[in-house]
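Here is how the chains run, residue by residue.
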Amino acid sequence: MSLPHAILTALLEKPSSGLALTRRFDKSIGYFWSATHQQIYRELGRLEASGLIRALPAQGPSRGSKKEYEVLAAGREELAAWVARPEDPRPIRDPLLLRVRAAGVVGRAGLEEELRRHLALHRRQLAEYEAIEARDFPAGAKGSADSAGAPAEGRSAADQLQHLVLRGGIDLETFWVAWLERALEEFEG
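Residues numbered from 1 in each chain as written. Predicted model: local features only at pLDDT ≥ 70, side-chain atom pairs only at ≥ 80, totals over all residues. Heavy atoms only, no water.

## Remarks on the sheet that holds strand E2 (residues 53–55)
Inference 1: Taken in spatial order, the three strands line up as E1-E3-E2 in an open sheet, and their pairing is antiparallel. The outermost strands of the open sheet, each flanked by one partner alone, are strand E1 (16–17) and E2.
Inference 2: Bridging between E1 and strand E3 (residues 68–71) involves two bridges; their strand directions are antiparallel. Bridge pairing links serine 16 to tyrosine 69 in E3. (Pairing = 2+ DSSP bridges. Helix = DSSP H or I, 4+ residues; strand = E, 2+ residues; numbered from the N terminus.)

The following block contains the structure:
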């Protein structure tokens with residue numbers, strides 16, 4: 001049930017049309033919660049029907065114009081309740097890990113090449129995240145809160161939390177790069 005919450009989050013950050021929202025998903029939220037354009041548009045309809053969002057009045061002629069959506073009080077309340085609700089971590093469900101396990105019983109043919117391909121993909125994603133961090137959270141970005149947990153000088157609490165999510169992505173990609181390098185060393189050994 002996280003897609004509606006991802007949409008509510010994005011709309012609270014900035015009221016948007018469905019098209020603008022899908023573009024924002026492609027550039028930010030989509031790094032950790034992916035959705036197709038069709039899923040986003042379908043969910044916008046559900047959220048509107050549920051009274052959690054509404055379409056803003058059209059600025060000009062309605063024919064051919066994009067609907068802009070904003071979050072209503074009920075949507076903000078739903079998102080706040082969801083943020084506070086306990087949820088257990090989900091088990092890892094990665095086909096690559098299952099393929100490595102299966103190779104133990106059917107053989108390794110083709111697996112080393114796939115591990116190398118994944119390594120290149122994770123290195124590329126790690127470099128992209130690090131570039132975003134350098135651009136959006138320059139020098140001293142790591143540990144951007146003081147010892148009391150307050151945001152670093154000039155940083156809002158929202159910026160601090162966005163950086164925390166980005167660091168999670170960096171740490172996850174760092175894990176995958178290290179794990180894949182170790183797996184390939186074992187193939188060579």
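On we go from here.
## Describing the packing of aromatic side chains
For any pair of aromatic rings, the description consists of the separation of the ring centres together with the inter-plane angle of the planes.
Inference 1: This structure, assessed with the given rule, holds three aromatic pairs.
Inference 2: Both rings, one in tyrosine 31 and one in tyrosine 129, keep their centres 5.3 Å apart while their planes meet at 80°; by these two values the pair is edge-to-face. Placement of the pair is tyrosine 31 in the loop between helix H2 (18–27) and helix H3 (37–49) and tyrosine 129 in helix H6 (residues 111–136), with a sequence separation of 98 residues.
Inference 3: Tyrosine 31 gets classed as partly exposed once you look at its relative accessible area, which sits at 29%.
Inference 4: A centroid spacing of 5.2 Å and a plane angle of 65° characterise the contact between phenylalanine 175 and tryptophan 176, whose relative ring orientation is edge-to-face.
Inference 5: The exposure class assigned to phenylalanine 175 is partly exposed, which follows from its relative accessible area of 40%.
Inference 6: Taken together, the ring pairs connect Phe175, Trp176 and Trp179 into an aromatic cluster.
Inference 7: The ring of phenylalanine 187 carries the charged tip of arginine 108 above its face, separated from the ring centre by 4.4 Å. (Phe/Tyr/Trp six-rings, centres within 6.5 Å; stacked < 30°, edge-to-face > 60°. Buried < 20%, exposed > 50% of the residue type's maximum accessible area, 1.4 Å probe, protein only. Lys NZ or Arg CZ within 6 Å of the ring centre and 35° of its normal.)

## Brief notes about the packing of helix H1 (residues 2–13) against H3
Inference 1: The geometry of H1 relative to H3 is characterised by a closest axis approach of 10 Å and an angle of 80° between their N-to-C directions. By the angle class used here, H1 and H3 are roughly perpendicular. The segment H1 lies against H3, with Leu3, Pro4, Ile7, Leu8 and Leu11 engaging Gln39, Ile40, Glu43, Leu44 and Leu47.
Inference 2: Of the residues contributing to the contact of H1 with H3, the split by class is eight nonpolar, one polar and one charged. (Axes fitted to C-alpha atoms, helices over the stretch in contact; angles between N-to-C directions. Parallel < 35°, antiparallel > 145°, perpendicular 65-115°, else oblique. Contact = heavy atoms within 4.5 Å. Nonpolar A, V, L, I, M, F, W, Y, C, P; charged D, E, K, R; others polar.)

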